[in-house]
Amino acid sequence: MKGDMVSDSIVAMVLNISREMPKVVVEPDGMKAEEENEKKMVKVIHALLVSLFGDVKFGEDGKLVITVDGNAAYLDRQSGDVESENEGLKERVRTAFQRIQSAVKPIPISAP
């Protein structure tokens with residue numbers, strides 16, 4: 001008797017799930033959505049770097065300029081390269097950026 005109730009509940013749940021399955025919607029503006037995601041990602045990366053280092057600005061050449069205690073580091077968001085005369089700051093920025101990148105851009109599911 002109880003087994004029938006359990007199996008009936010499971011069947012009812014499965015039937016409801018199949019009715020409530022989300023539909024896949026093809027978005028015609030795939031590039032537009034990708035650009036918006038990229039802009040959001042840049043804002044998130046900037047905000048996280050500001051929370052870690054304080055003074056972070058967008059440079060004229062597209063690089064982020066991070067200034068800590070009078071020392072500047074120049075971060076290329078595309079390549080992840082960091083330029084700075086202060087080796088300690090350079091390593092801190094590089095490590096922070098790598099960690100932020102892995103959090104913001106996780107490995108895609110379709111990766112081999």
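It should be noted that the structure appears before, not after, this text.
Being a predicted model, the structure only gives us computed values, none of them experimental.

Student: Would you mind showing me how to read the overall build of the protein here?
Tutor: Within the protein, the secondary structure is distributed over 3 helices and 4 strands. Counting from the amino terminus, helix and strand elements in the protein follow one another as α-α-β-β-β-β-α. Intrachain contacts of the protein at a sequence separation of at least 6 include 23% that bridge at least 24 residues. Of the roughly 8,900 Å² of accessible surface on the protein, 58% is carried by carbon and sulfur atoms.

Student: I tried to follow the pattern of salt bridges on my own but got confused; where do I start?
Tutor: For side chains bearing opposite charge, pairing can occur when the charged atoms are close. On inspection of all chains with the given rule, the structure shows 4 salt bridges. A salt bridge links Lys57 to Asp55, with the nearest nitrogen and oxygen atoms 2.7 Å apart. The class for Asp55 is partly exposed, based on a relative accessible area of 30%. Between Lys90 and Glu87 there is a salt bridge, with its nearest N and O atoms 4.0 Å apart. Taken as a pair, Lys90 and Glu87 lie in helix α3 (residues 87-104) at a separation of 3 residues, close to a single helical turn.

Student: How should the pairing of strand β2 (residues 64-68) be read in this particular structure?
Tutor: The side chains of a regular strand alternate between both faces of the sheet. Most of β2 is tucked away, with 4 of its 5 residues classed as buried. As judged from the 4 bridges shared by strand β1 (residues 55-58) and β2, these two strands associate in the antiparallel manner. Paired with Asp55 across the two strands is Thr67, which belongs to β2. Hairpin remark: β1 followed by β2, antiparallel, with 5 residues in the connecting loop; positive phi at Gly62, about 90°. Bridging between β2 and strand β3 (residues 71-75) involves 5 bridges; their strand directions are antiparallel. Residue pairing across strands places Thr67 opposite Ala72, the latter belonging to β3. The hairpin turn running from β2 into β3, its antiparallel successor, is 2 residues long, and Asp69 in that turn takes a positive phi close to 50°.

Student: Is there a simple way to think about the sheet that holds β1 in this case?
Tutor: Pairing between the strands of a sheet is mediated by backbone hydrogen bonds and can be parallel or antiparallel. One open sheet accounts for 4 strands, arranged β1-β2-β3-β4; its pairing is antiparallel. Edge strands, defined here as strands with exactly one partner in the open sheet, are β1 and β4 (82-84). Direction aside, neighbouring strands of the sheet carry axes that sit 20° apart on average. Bridge count between β3 and β4: 3 bridges; the pairing is antiparallel. Bridged to Ala73 within β4 is Ser84.

Student: What exactly am I supposed to notice about the environment of Thr67 here?
Tutor: Within the secondary structure, Thr67 sits in strand β2. The partly exposed category is assigned to Thr67, whose relative accessible area is 27%. Distance from Thr67 to Gly54, taken between C-alpha atoms, is 7.7 Å for residues 13 residues apart in sequence. Apart from residues no more than four positions distant in its own chain, Thr67 is found in contact with Phe53, Asp55 and Ala72.

About the criteria used
Residues numbered from 1 in each chain as written. Predicted model: local features only at pLDDT ≥ 70, side-chain atom pairs only at ≥ 80, totals over all residues. Heavy atoms only, no water. Helix = DSSP H or I, 4+ residues; strand = E, 2+ residues; numbered from the N terminus. Contact = heavy atoms within 4.5 Å. Areas by Shrake-Rupley, 256 points an atom, 1.4 Å probe, with all protein chains shown as cover. Salt bridge = Lys/Arg side-chain N within 4 Å of Asp/Glu carboxyl O. Buried < 20%, exposed > 50% of the residue type's maximum accessible area, 1.4 Å probe, protein only. Pairing = 2+ DSSP bridges. Axes fitted to C-alpha atoms, helices over the stretch in contact; angles between N-to-C directions.

Interpretation note: all reported values are geometric properties and have no functional meaning in isolation.
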